[in-house]
Amino acid sequence: MFKFEQLESELQKQLSLYVPEFYRIVDVDTYEVLDYRHGEFIDINQKCYQVWNMNAPCMNCTSRRAVKEDKPVIKLSFLDKRIFLIHSIPVEIKNRKYSIELNQDVSSSFLLHENNLQGADEVLSLISLFDERIMKDSSTNLFNKQYLLENLPAMMAHAKSESRPLSLAVLDVDHFKRTNDRYGHVFGDEVILKISETLIALMNESIHAVRIGGDEFAVIFENIDPSAAMSICDQAIHLLASFHFESYPEYRIAISCGVADLRESDTAESFLDRADRMMYGMKHKKLCNK
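How each quantity is defined
Residues numbered from 1 in each chain as written. Predicted model: local features only at pLDDT ≥ 70, side-chain atom pairs only at ≥ 80, totals over all residues. Heavy atoms only, no water. Buried < 20%, exposed > 50% of the residue type's maximum accessible area, 1.4 Å probe, protein only. Helix = DSSP H or I, 4+ residues; strand = E, 2+ residues; numbered from the N terminus. Pairing = 2+ DSSP bridges. 1 Å grid on protein atoms, 1.4 Å probe; cavity = no way out; pocket = protein on both sides within 12 Å on 5 of 7 lines; lining within 4 Å. Points joined across faces, edges and corners; volume = space filled by probe spheres on them. Nonpolar A, V, L, I, M, F, W, Y, C, P; charged D, E, K, R; others polar. Expected span 1.5 Å × (residues − 1). Contact = heavy atoms within 4.5 Å. Phe/Tyr/Trp six-rings, centres within 6.5 Å; stacked < 30°, edge-to-face > 60°. Lys NZ or Arg CZ within 6 Å of the ring centre and 35° of its normal. Salt bridge = Lys/Arg side-chain N within 4 Å of Asp/Glu carboxyl O. Axes fitted to C-alpha atoms, helices over the stretch in contact; angles between N-to-C directions. Left-handed = near helix turned anticlockwise from the far one by under 90°.

1. Looking at the pairing of strand 7 (residues 166–173)
Now for step 1: Counting buried positions over the eight residues of strand 7 gives eight, a clear majority of the element.
Now for step 2: Burial along strand 7 is two-sided: Leu166, Leu168, Val170 and Asp172 and Ser167, Ala169, Leu171 and Val173, pointing in opposite directions, are all buried.
Now for step 3: Across seven bridges, strand 7 lies against strand 9 (residues 216–222) in antiparallel orientation. Paired with serine 167 across the strands is phenylalanine 221, a residue of strand 9.
Now for step 4: Inspection of the sheet shows strand 7 paired to strand 10 (residues 255–261) by seven bridges, in the antiparallel sense. By the bridge assignment for strand 10, aspartate 172 is matched with serine 256.

And the structure:
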């Protein structure tokens, strides 16, 4: 490939027709859209997701990922039967990281393989499916660890700025290795799917369930204090403990859980670590009481 600046000037002028039509500066901690004029920010009182007619941040936020990974990220989005190519680029303004989103309407030129997609609903479904595959665990349909790592810091920043509670639960299946050894991995997968099914039933705009990996799960509770979060987890744990599997009716799902509340000094790592340590504290307490 050749560097763009080496291109002949008459060709550069023709290509200028294809530069992005819109730009936005996004504060990825608060989702606020800003303009920047003469060295000063202008708050336009709009969240980045509102322009797409959404009530909550995008599941696959490219601006947040661009800042986190310190590299440009591209995705497609959909609005009013138009397809937009969004190019999110990390920038530093006044010693703080932001994302500049460069948006280009590519509806008239969008191709998938060799076929034009004519139906707007088909395109929207395709984009939504792509976002889900990036952020969801393929086995359980829960959010995956990448979703947790990318979204938790923003949720924490939002909770701190609004002085709202944020609780984080970590759940782990007791003696899961023993379960796999005794009943086999196929049955172990059944256990994981049953737990996932129960956690998915809890989810709403404020509750987000994640499969961290293996038999470990996390649940993020926005605007919910830790006592209420623990109560919700306890209900799910008791419901799972009462479930009977047809293949092995004697088996009971046992889960240890720890719930941490957000502190002002928390990072995502310290927040998750504290919930994890509280979960292991419950697991240890069970062993001591036997």
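Still more ground to cover, so stick around.
2. Re the layout of surface pockets
Now for step 1: The computed volume of the largest pocket comes to approximately 670 Å³.
Now for step 2: Taken together, 24 residues line the largest pocket, and the ones lying closest to its centre are Ala56, Pro57, Glu205, His208 and Glu222.
Now for step 3: For the lining of the largest pocket, the element with the highest residue contribution is helix 4 (residues 145–162), accounting for six residues.
Now for step 4: Across the lining of the largest pocket, the residue classes tally to 14 nonpolar, seven polar and three charged.

3. Overview of helix 8 (residues 268–289)
Now for step 1: Here helix 8 contains 22 residues, and its C-alpha end-to-end distance of 32 Å stays within 8% of the 32 Å for a straight helix at 1.5 Å per residue.
Now for step 2: Those residues of helix 8 that sit buried are Ala268, Phe271, Arg274, Ala275, Met279 and Lys283.
Now for step 3: Where helix 8 is buried, its residues meet helix 4, strand 7, strand 9 and strand 10.

4. Things to note about the packing of aromatic side chains
Now for step 1: Counted under the stated rule, the structure contains 13 aromatic pairs.
Now for step 2: Judged by centre distance (3.8 Å) and plane angle (10°), the ring pair of phenylalanine 143 and tyrosine 147 falls under stacked.
Now for step 3: What makes phenylalanine 143 buried here is its relative accessible area of 7%.
Now for step 4: Since its relative accessible area comes to 5%, tyrosine 147 is described here as buried.
Now for step 5: Considering the side-chain rings of phenylalanine 243 and phenylalanine 245, the 4.9 Å spacing of their centres and the 85° angle between planes classify their relative orientation as edge-to-face.
Now for step 6: An aromatic cluster is present here, built from Tyr183, Phe187, Phe243, Phe245, Tyr248 and Tyr251 joined pairwise through their rings.
Now for step 7: The side chain of lysine 136 reaches across the aromatic face of phenylalanine 143, ending 5.5 Å from its centre.

5. Examining the pattern of salt bridges
One side chain can pair with another of opposite charge once the charged atoms of both are near each other.
Now for step 1: Per the counting criterion, the structure on display carries 16 salt bridges.
Now for step 2: Glutamate 150 is the salt-bridge partner of arginine 65, the closest N and O atoms lying 2.8 Å from each other. Of this pair, arginine 65 sits in helix 2 (residues 62–69) while glutamate 150 sits in helix 4, and the two are 85 residues apart along the sequence. Both residues of the pair, arginine 65 and glutamate 150, count as buried.

6. A closer look at the packing of helix 6 (residues 185–202) against helix 7 (residues 226–241)
Relative orientation and spacing of two packed helices are given, respectively, by the angle between their axes and the distance between those axes.
Now for step 1: Relative orientation of the contacting elements helix 6 and helix 7 amounts to 145°, with a least axis distance of 11 Å. Crossing hand, helix 6 versus helix 7: right-handed. Judged by residue contacts, Lys194, Ile195, Thr198 and Leu202 of helix 6 engage Ile232, Ala236, Leu239 and Leu240 from helix 7.
Now for step 2: Classifying every residue of the contact of helix 6 with helix 7 by side-chain character gives six nonpolar, one polar and one charged.

7. A word on the pairing of strand 2 (residues 32–37)
Now for step 1: Across three bridges, the pairing between strand 1 (residues 22–27) and strand 2 is antiparallel. When the bridges of strand 2 are listed, aspartate 27 appears paired with glutamate 32.
Now for step 2: Linking two consecutive strands that pair antiparallel, namely strand 1 and strand 2, is a turn of four residues; a positive phi of about 70° is found at tyrosine 31 within it.
Now for step 3: With five bridges connecting them, strand 2 and strand 3 (residues 40–47) associate as antiparallel partners. Residue pairing across strands places arginine 37 opposite glutamate 40, the latter belonging to strand 3.
Now for step 4: Here strand 2 hands over to strand 3 after two residues, with histidine 38 in that stretch at a positive phi of 55°.

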